[in-house]
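Listed below are the residues making up each chain.
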Amino acid sequence: VSVVEAHVPLRIRRAAWTHPEWAVALVALSSWAVLVLVHDAGPIDAHAAGATAGAHVHTMNGMLEPTSAHPAVPWTVRQGVWMLMTAAMMLPSSLPTVRLLAMNSLWRRRLRAGLTFVVALLGVWFVFGLILISVATAFRVPAGNDLVVGTVLLVAAGWELTQAKRRSLRACHRTVPLPPCGWRATRGCARFGIQYGLACVGACWALMLPMALAGAHRLFLMLLLTAVVVAEEGLERGTRLTRVAAPVLVGATIVMLVG
Amino acid sequence: VTEPYVRQDIWTLEATPWNSLAMAYALAVREMQARPASDPTSWVYQASVHATPDPQDRDDWRDQCQHNSWFFLPWHRMYLYWFERIVRAIVQTLEDVDDSTKDTWALPYWDYDRGGTNALPPAFREAQLPNGDDNPLRTDERNPSINAGGGLPGLATSAQNALAEMSFSEPLMAGVPSGFGGPITGWHHFAENGTTTPGELERTPHNDVHGLVGGGGFMSRFETAPLDPVFWLHHANIDRLWALWTGSFAGENPLAAAWLDRVFHFHDEGGQDVTMTPGDVLDVAADLGYRYADMPALVVQPEAVMPPSPPPPEHPAELVGATDTPLELSGDAATVQLSISPPSGPLRALAAEEPNRVYLNVEDIEAERNPGISYAVYVNVPDDDADAANDVHYAGNVSFFGVEQAQDVDRDHSGGRGSLRYAFDISDLVKRLMAEHLWDPERMRVMFVPLRVEAPPGVAAAEAATPPVRVGRVSLFYR
């Protein structure tokens, strides 16, 4: 037992024994915290956002539109914001899988196994985001436009009703054999993360489209869509909830456009 | 007070295949088979209650079978109860059935573990009924050896390990066996968690008998198993073993509302919707009006049957060793070796000298289809031990009922988890091996030995190729 661990009360250590996914939960929470804080920040100078000198003043809120073609927002910031949103929205539903992976790893590798899985999972979303943002930017899809966001929400609602969506949701539960140690163990965790990530993108790509374009409604949409993802992946017979999710997304579109 | 119906051991009835009870069953099955699939009392519909060939056909009644779950035993008890009522109602309308049988007909059971009863009951093997009609109890969608009178292997039919288990259910925890009746799950059993394993009784004899009788045919698969008329007798035996566990073995069913109050839908003999919960079916005589012919009363104190052992610790089990490459099983014996690391988690933190429990896991089991055989799993069989079936090293069986559905992403039932998993409590076995100096943490060996249906009397064993099965990992957990 390490010196640090020996000073942690047994009650807390027991909780960590049972919930080795705590580190990934912390990553998700931190991502939410950053996004909420930045969302609430007032107008700032472009320099603070890392933009080039001479750019005009804009808001942090505006900066958070990953597809914004605004010249003041560099590519790295857009992609970074996309990854923050992905971590905040996709990691909560992955926690049971991270727990499963950690519990099936050697004790000393539990943390490493979970983080390797998450890096691989987020890597798949990174590539998807790269393609999505590049296409949206190239076609000058306007960010923060409620009509556009509403349209892609309807696309997401339609995707909810497809067989492909349900298949992808179920594929999120697929496991892989995990070698216990060495590079094979790391490769196994990475393979698990990529496999899970591909199923996750298959299930949730349409739900993440609005996030690339959302303006003032971003936090509202993030909360709603995260709840949908967690319910579909985590609840008993979650695939049946896709039929509920579709009208909920249509309702959200109406609220956004009317309200 | 009405006398309960008596479910009889089919092997204790008249030696000729066509005793009145089997004959009435055959005629009722034929009637059900003639009914349209849309009729809830038809043969095809009743099979689809278990699982449907087309995943789109599921509803509140169909595609409902519960496996790898603490609902396994109560759901199948309900399923059999309503099926039995449908058959009895038909029997009571049949002209060729005598009045006594009409009044008393109850589903018989097949106790394959009584000595000399491990072959398929004769009425299920006959090609024809006494009047020359095709026998509806016979299907060619079975292992040819079992249809020819071959016997099930003893290790596949024994409920000894299951009946010795004291806990009905365990919460889902990686590496930890799930108890007598299966793990605590919701409806969505296969997909809930990659660690779900069947309960002891579901594993053996239930899963083994499905695979071995089916041989790749009806009984091997969720969606076709109830199409074989012997399915219902097999499950009556599993239901009897549950009643035996709660009776003679003083096993205790769960008390949780999540288990007791779970609602399941069925159809009665009139085709009307009915609902039931596990709490409604705990006492078969009082709640459901039947009993089993062979149900010994409690003859010994439970402590004498199962010496009380301290409950397992609450902390999670810790992986201490695993294979790092998959193993393919194609019908031959195979051995894998793994080395065990010293525990570095709770056992170390609690300064435990020895693990309280040792669990062997066989994980990520995949196959295109059920190979129709089981594999007996042994630990540290000495190299010079010529007897592969040395019970001293026996851990349990691995079989493959449900392996196709586990991979089916079109079904909620399987959830697309992709594989099966088995967990065995080998604590006593390891203690014994340690005492005999046969336990080397650097070199633990796990051997898989195929279990097949014995060749029928006077028939040479068939040498058919066995479809392969892939075992992703063999692992050891300490707790």
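Okay, so let's go over this structure. Keep in mind it's a predicted model, so treat the numbers as computed, not measured.

**What to know about the overall build of chain B**
Across its full length, chain B carries 16 helices and 13 strands. Taken against the 2.2 N^0.38 rule, which gives 23 Å for 479 residues, the C-alpha radius of gyration of chain B at 22 Å falls within 12% of a compact globule. The principal-axis extents of the C-alpha atoms in chain B amount to approximately 70 × 55 × 50 Å. Here chain B, with 479 residues, has 60% of them falling under the buried criterion. A total of about 17600 Å² of accessible surface is found on chain B, and carbon and sulfur atoms cover 49% of it.

**Thoughts on the interface of chain B and chain A**
On the side of chain A, 33 residues touch chain B, which itself brings 49 residues to the contact. Of the roughly 3400 Å² buried between chain B and chain A, counting both surfaces, carbon and sulfur atoms make up 48%. Considering only the side of chain B, the residues that lose the most area to chain A are Leu319, Asp324 and Val409 of chain B, jointly responsible for 14% of the buried surface there. Joining chain B to chain A, the criterion identifies 2 salt bridges. Its salt-bridge partner being Arg167 of chain A, residue Asp410 of chain B comes within 2.4 Å of it at the nearest N-O pair. Applying the counting criterion to the chain B and chain A interface returns 10 residue pairs in polar contact (both at pLDDT 80 or more). Sorting the residues of the side of chain B that touches chain A by element identifies α8 (189-192), β5 (318-322), α14 (346-349), β8 (358-366) and β13 (469-478) of chain B as the ones contributing at least two each.

**Overview of the sheet that holds strand β7 (residues 334-338) of chain B**
Residue and element names in this part refer to chain B. Ordered in space as β7-β12-β9-β10, the 4 strands form an open sheet in which the pairing is antiparallel. The sheet is open, and its two edges are formed by β7 and β10 (394-398), each paired on a single side. Across this sheet, the average inter-strand angle for adjacent strands is 25°, counted without regard to direction. Relative to strand β12 (residues 444-451), β7 runs antiparallel, the two sharing 5 bridges. Looking across to β12, one finds that Leu338 is bridged to Met444.

**Section: the environment of Ser339 of chain B**
All names here are of chain B. Inspection of the secondary structure assignment puts Ser339 in the loop between β7 and α14. Given a relative accessible area of 41%, Ser339 falls into the partly exposed group. Counting along the chain gives 105 residues from Ser339 to Met444, while the straight-line C-alpha distance between them is 6.1 Å.

**Things to note about the layout of surface pockets**
Residues and elements named next belong to chain B. Roughly 1400 Å³ of volume is contained in the largest pocket. For the largest pocket, the lining is made up of 43 residues, of which Asn161, Ala164, Glu165, Asp425 and Asp428 are closest to its centre. Secondary-structure elements contributing two or more residues to the lining of the largest pocket are α7 (160-163), α9 (200-214), β10, β11 (420-425) and α16 (427-435). Considered class by class, the residues forming the lining of the largest pocket number 21 nonpolar, 11 polar and 11 charged.

**Concerning the packing of helix α5 (residues 75-103) of chain A against helix α6 (residues 110-138) of chain A**
Orientation of α5 of chain A relative to α6 of chain A, taken along the N-to-C sense of each, is 145°, at an axis distance of 8 Å. The crossing of α5 of chain A and α6 of chain A is right-handed.

**Focus on the side chain of Thr41 of chain B**
Residue and element names in this part refer to chain B. You can see Thr41 is positioned in the loop between α1 (20-34) and α2 (43-50). Relative accessible area serves as the criterion here: at 4%, Thr41 is assigned to the buried category. Side-chain polar atoms of Thr41 contact the side chain of Arg35, separated by 2.8 Å. Beyond its immediate sequence surroundings of up to four residues, Thr41 is in contact with Met32, Arg35, Ile86, Asp268, Glu269 and Gly271.

**Concerning the packing of helix α7 (residues 146-160) of chain A against helix α11 (residues 242-258) of chain A**
All names here are of chain A. α11 packs onto α7 with a crossing angle of 170° between their chain directions and a minimal axis gap of 8 Å. It follows from the interaxial angle that α7 and α11 lie roughly antiparallel. Between α7 and α11, the contacting residues are Asp146, Leu147, Val149, Gly150, Leu153, Leu154, Ala156, Ala157 and Glu160 on the first element and Thr242, Ala245, Ala246, Leu249, Val250, Ala252, Thr253, Met256 and Leu257 on the second. Tallied by class, the residues present in the contact of α7 with α11 amount to 13 nonpolar, 3 polar and 2 charged.

**With respect to empty space enclosed by the protein**
Taken as a whole and judged by the stated rule, the model has 9 cavities of 30 Å³ or more. In this structure, the largest cavity is lined by 14 residues; those nearest its centre are Thr175 and Val176 of chain A together with Glu363, Asp364 and Arg421 of chain B. Elements with a minimum of two residues in the lining of the largest cavity: α5 of chain A together with β8 and β11 of chain B. Looking at the lining of the largest cavity residue by residue, the classes come out as 6 nonpolar, 4 polar and 4 charged.

**Thoughts on the pattern of salt bridges**
Applying the stated criterion across every chain, the model contains 24 salt bridges over all chains. Between Glu232 of chain A and Lys165 of chain A there is a salt bridge, with its nearest N and O atoms 2.8 Å apart. Here Glu232 of chain A, found in helix α10 (residues 218-234), pairs with Lys165 of chain A, found in helix α8 (residues 163-171); they are 67 residues apart in sequence, far enough to count as distant. Grouping residues by exposure puts Glu232 of chain A and Lys165 of chain A together as buried. Linking Asp9 of chain B and Arg114 of chain B is a salt bridge whose minimum nitrogen-to-oxygen distance equals 2.7 Å. With a gap of 105 residues between them, Asp9 of chain B in the loop between β1 (5-7) and α1 and Arg114 of chain B in the loop between α4 (99-104) and α5 (144-147) connect regions that are remote in the sequence. With relative accessibility at 3%, the residue Asp9 of chain B sits in the buried group. With a relative accessible area of 37%, Arg114 of chain B lands in the partly exposed category. When salt bridges that share partners are traced, they join Arg7, Arg77, Glu84, Arg88 and Asp239 of chain B into one network.

**Some words on the packing of aromatic side chains**
Residue and element names in this part refer to chain B. The full count for this structure, using the stated rule, is 32 aromatic pairs over all chains. Aromatic pair Tyr109 and Tyr292: ring centres 5.5 Å apart, planes at 75°, arrangement edge-to-face. Placement of Tyr109 in the loop between α4 and α5 and of Tyr292 in strand β4 (residues 290-292) is noted, with a sequence separation of 183 residues between them. With relative accessibility at 0%, the residue Tyr109 sits in the buried group.

The rules behind these values
- Residues numbered from 1 in each chain as written.
- Chains lettered and ligands numbered in written order.
- Predicted model: local features only at pLDDT ≥ 70, side-chain atom pairs only at ≥ 80, totals over all residues.
- Heavy atoms only, no water.
- Helix = DSSP H or I, 4+ residues; strand = E, 2+ residues; numbered from the N terminus.
- Rg over C-alpha atoms; globule rule 2.2 N^0.38 Å.
- Buried < 20%, exposed > 50% of the residue type's maximum accessible area, 1.4 Å probe, protein only.
- Areas by Shrake-Rupley, 256 points an atom, 1.4 Å probe, with all protein chains shown as cover.
- Contact = heavy atoms within 4.5 Å.
- Buried area = accessible area lost by both parts, 1.4 Å probe.
- Salt bridge = Lys/Arg side-chain N within 4 Å of Asp/Glu carboxyl O.
- Polar contact = N/O pair within 3.5 Å; in protein donor to acceptor, adjacent residues only side chain to side chain.
- Pairing = 2+ DSSP bridges.
- Axes fitted to C-alpha atoms, helices over the stretch in contact; angles between N-to-C directions.
- 1 Å grid on protein atoms, 1.4 Å probe; cavity = no way out; pocket = protein on both sides within 12 Å on 5 of 7 lines; lining within 4 Å.
- Points joined across faces, edges and corners; volume = space filled by probe spheres on them.
- Nonpolar A, V, L, I, M, F, W, Y, C, P; charged D, E, K, R; others polar.
- Left-handed = near helix turned anticlockwise from the far one by under 90°.
- Parallel < 35°, antiparallel > 145°, perpendicular 65-115°, else oblique.
- Phe/Tyr/Trp six-rings, centres within 6.5 Å; stacked < 30°, edge-to-face > 60°.

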